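# Observations on the model geometry
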Amino acid sequence: MDTLTSNKTYTEQDTFPINGTDYIEFYVGNAKQAAHYYQSAFGFRIVAYRGPETGARETASYVLQQGKVRFVLTSALYPDHEVSRHVLQHGDGVKVLALWVDNAADAYNKAVERGARPFKAPETMKDEYGEVTIASIHTYGETLHTFVERKHYEGAFLPGFQARESLMEIQPIGLKYVDHCVGNVELGMMNKWVEFYQDVMGFKLLVTFDDKDISTEYTALMSKVVSNGNGFIKFPINEPAQGKKKSQIEEYLDYYHGAGVQHIALATDDIIFTVDELRRRGVEFLYVPEAYYDTVLERVGEIKEELEELKRLNILIDRDEEGYLLQIFTKPVQDRPTVFYEIIQREGARSFGKGNFKALFEAIEREQERRGTL
Ligand code: FE2
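Here's what I pulled together on the structure shown here. (Residues numbered from 1 in each chain as written. Predicted model: local features only at pLDDT ≥ 70, side-chain atom pairs only at ≥ 80, totals over all residues. Heavy atoms only, no water.)

### A few points about the coordination of the iron ion
Filter applied, for reference: With water omitted from the atoms examined, metal sites may look incomplete; donors here are N, O and S atoms no farther than 2.8 Å from the metal, or 3.2 Å in the case of Na, K and Ca. Secondary structure elements are taken from DSSP: a helix is a run of H or I of four residues or more, a strand is a run of E of two residues or more, and numbering for both begins at the N terminus. Classification of residues uses two cut-offs on accessible area relative to the type maximum, computed with a 1.4 Å probe and protein chains only: under 20% is buried, over 50% is exposed, and between them is partly exposed.
Surrounding the iron ion are the protein donor atoms His180 (NE2), His263 (NE2) and Glu342 (OE), which sit 2.0 to 2.2 Å from the metal. Read N to C, the donor residues that coordinate the iron ion are spaced as H-x82-H-x78-E. Taken together, the positions of His180 in strand β10 (residues 175-184) and Glu342 in strand β17 (residues 340-347) put the pair 162 residues apart, joining distant regions of the chain. Both residues of the pair, His180 and Glu342, belong to the buried class.

As structure tokens, this is what we get:
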């Protein structure tokens, strides 16, 4: 089986409770235009804004929401700014994976006590809608975890932000919540970060994939998945493994200039509708050859969706002991081959689509070939 037991003993109990993903913040070159993409293509609605018009002198941030998924897109207004420097280095990418907690100061103090590298000590911000306490620690690369305590807050997002609505008609595509966020880390660093989540956050190791699970003729990678106690937070961590050619993880690390978030999996209850809409709106997906569908039902058994529909949309299928799942991966959503999305519909399955790895990685290699980076 996939699950290996670590020889180190861990408490495997949350250091502090986490209620879910609070938001994901991207540092981007042009937040105004990125916000349009997430509205028009992904069906997110603008709910809040902070920028020069609201008294922020250095940055502009757009908060977008669909279901429980909340994205913040931030750009700097000056070259000599941390956000500009981040974008220069990494391109558009994920800066913050924010975690919704009951007590941000407690979460921060416990994490730092257990070895987390502090980024920002707890700070309570207030406006007429109440108060929010936030605190941040470092994780892999230049990525941060921000703890957000908002139990006394009724405003649109955070103090300092103003409620704002989209200026265009929004057609949501059925995105419900963040299923998991995957990090790519440098060769040899996967275990260090898995131990960080175990030791500092009290997460448990859910599953291990080695290069025998995830390899093609050319490339390979290793992956371990950690999760918090209630399972709402799942972080697979990938590192490159030796292959004949450059692995997709190395390609990411080269273009991102270090470790960072590789993909965000967004859950839907109706993947056929979601993917149909995304395709209609011009979002590009990885292509898996039609031959995949000739034998897939022998592998996964009965499913309630029409196979022809899944084939038309190029949606992949996998099954584990608990049920099945449907998934598909976009191409990178910026010019650097870095961050992309997974759309996932779970019908009982709690795994990550291991049965599709080979077909997927071959699809990624075809894209690498086209970019001249294989
Ligand atoms: Fe995934």
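### Examining the sheet that holds strand β4 (residues 69-76)
In sheet architecture, strand pairing relies on hydrogen bonds along the backbone and comes in two forms, parallel and antiparallel. In plain terms, the rule: Note: two strands are recorded as paired if DSSP finds a minimum of 2 bridges between them.
Read from one edge to the other, the open sheet built from 9 strands follows the order β6-β7-β8-β5-β1-β4-β3-β2-β9, with strand pairing classed as mixed. Edge positions in the sheet fall to β6 (118-127) and β9 (162-163), since each of these pairs with one other strand and no more. Across 8 bridges, strand β1 (residues 18-27) lies against strand β5 (residues 93-101) in antiparallel orientation. Bridge pairing in β5 places Tyr27 opposite Gly93.

### Digging into the environment of Arg70
Keep this limit in mind: Any two residues having at least one pair of non-hydrogen atoms within 4.5 Å are treated as being in contact. N or O atoms closer than or at 3.5 Å make up a polar contact, with two conditions inside protein: a donor-capable atom paired with an acceptor-capable one, and, for residues adjacent in sequence, both atoms drawn from side chains.
Along the chain, Arg70 falls in strand β4. Arg70 sits in the buried class, given a relative accessible area of 13%. The sequence separation of Arg70 and Ala265 amounts to 195 residues, and the corresponding C-alpha distance is 13 Å. Contact partners of Arg70, with chain neighbours within four places excluded, come to Asp22, Tyr23, Ile24, Val63, Leu64, Gln65, Arg150, Ala156 and Phe157. Within the local environment of Arg70, its side chain forms a polar contact with the side chain of Asp22, the two groups lying 3.1 Å apart.

### So, the sheet that holds strand β16 (residues 323-329)
Under the convention used in this document: Axis lines are fitted through C-alpha atoms, for helices just across the contact stretch, and the angle between N-to-C directions can take any value from 0 to 180 degrees.
Pairing within the open sheet is mixed, and its 8 strands lie in the order β11-β12-β13-β10-β14-β17-β16-β15. Only two strands of the sheet have a single partner each, and these edge strands are β11 (204-209) and β15 (316-320). Pairwise comparison of adjacent strand axes, ignoring direction, gives a mean angle of 25° for this sheet. Across 8 bridges, strand β12 (residues 220-227) lies against strand β13 (residues 234-241) in antiparallel orientation. When the sheet's bridge partners are listed, Lys224 is paired in β13 with Ile237. Along the sheet, helix α5 (residues 248-256) makes contact with β10, β12, β13 and β14 (260-268), crossing β14 at roughly 115°.

### Here's the deal with helix α6 (residues 271-280)
Along an α-helix, a turn takes 3.6 residues, which lines up residues three or four apart on a common side. Turning to α6, its buried residues are Ile271, Ile272, Thr274, Val275, Glu277 and Leu278. Where α6 is buried, its residues touch β10, β14, α8 (307-313), β16 and β17. Following α6 by one or two positions, Gly282 adopts a phi angle in the positive range, close to 95°.

### With respect to the side chain of Thr146
Considering the arrangement of structural elements, one finds Thr146 in strand β8 (residues 144-153). Note on Thr146: relative accessible area 3%, which makes it buried. One polar contact links Thr146 to Ser136, side chain to side chain, over a distance of 2.8 Å. If we ignore the near neighbours within four places in the chain, the residues touching Thr146 are Tyr23, Val96, Leu97, Ala98, Leu99, Ile134, Ala135 and Ser136.

### A word on the pairing of β14
Burial within β14 is extensive, with 9 of its 9 residues counted as buried. Looking at chain direction, β10 and β14 are connected through 8 bridges and run antiparallel. Considered in β14, the bridge of Leu175 is made with Thr268. Here β14 pairs with β17 via 5 bridges, running parallel. In the sheet register, Ala265 faces β17, and the bridge partner there is Glu342.

### Notes on the packing of aromatic side chains
Quick reminder of the rule: Paired rings are identified among Phe, Tyr and Trp, the last through its six-membered ring, by centres lying within 6.5 Å, and are further divided according to the angle between planes into stacked (under 30 degrees), edge-to-face (over 60) and tilted (the rest). A ring is considered to have a charge above it if a Lys NZ or an Arg CZ atom is located within 6 Å of its centre and within 35 degrees of its normal.
This model, assessed by the stated rule, comprises 26 aromatic pairs. Ring plane angle 80° and centroid distance 5.2 Å describe the contact between Tyr23 and Phe157, whose orientation is recorded as edge-to-face. A residue pair is termed long-range when its members are at least 10 positions apart, and Tyr23 in strand β1 and Phe157 in the loop between β8 and β9 qualify at 134 residues. Take Tyr23 and Phe157: they sit in the same class, and that class is buried. Above the face of the Tyr49 ring, Arg164 is positioned so that its terminal group lies 4.2 Å from the ring centre. Above the ring of Phe352, the side-chain terminus of Arg346 is found at 5.5 Å from the ring centroid.

### Section: a negative patch on the surface
This is how it is decided: Exposure above 30% relative accessible area and no salt bridge define the residues that can form patches, which grow by joining like charges within 9 Å and nonpolar side chains of Val, Leu, Ile, Met, Phe, Trp and Tyr within 5 Å. Note on areas: Shrake-Rupley, 1.4 Å probe, and residue coverage restricted to the protein chains presented here. Whenever Lys or Arg places a side-chain nitrogen within 4 Å of a carboxyl oxygen from Asp or Glu, that contact is recorded as a salt bridge. None of His or the chain ends enter the tally, which takes Lys and Arg as positive and Asp and Glu as negative. Taken as the charge location is NZ of Lys, CZ of Arg, CG of Asp or CD of Glu.
Taken together, the side chains of Glu290, Asp294, Glu306 and Glu308 define an acidic patch exposed on the protein surface. Of note, Glu290 is situated in the loop between α6 and α7 (292-300).

### Here we look at the side chain of Gln248
Note on placement: Gln248 falls in helix α5. Residue Gln248 is classed as buried on the basis of its relative accessible area of 8%. A distance of 3.5 Å separates polar atoms of two side chains, one belonging to Gln248 and the other to Gln262. With residues up to four places along the chain from it excluded, the contact list for Gln248 reads Leu221, Gln262, Phe361, Ile364 and Gln368.

Interpretation in functional terms is not warranted from these geometric data alone.
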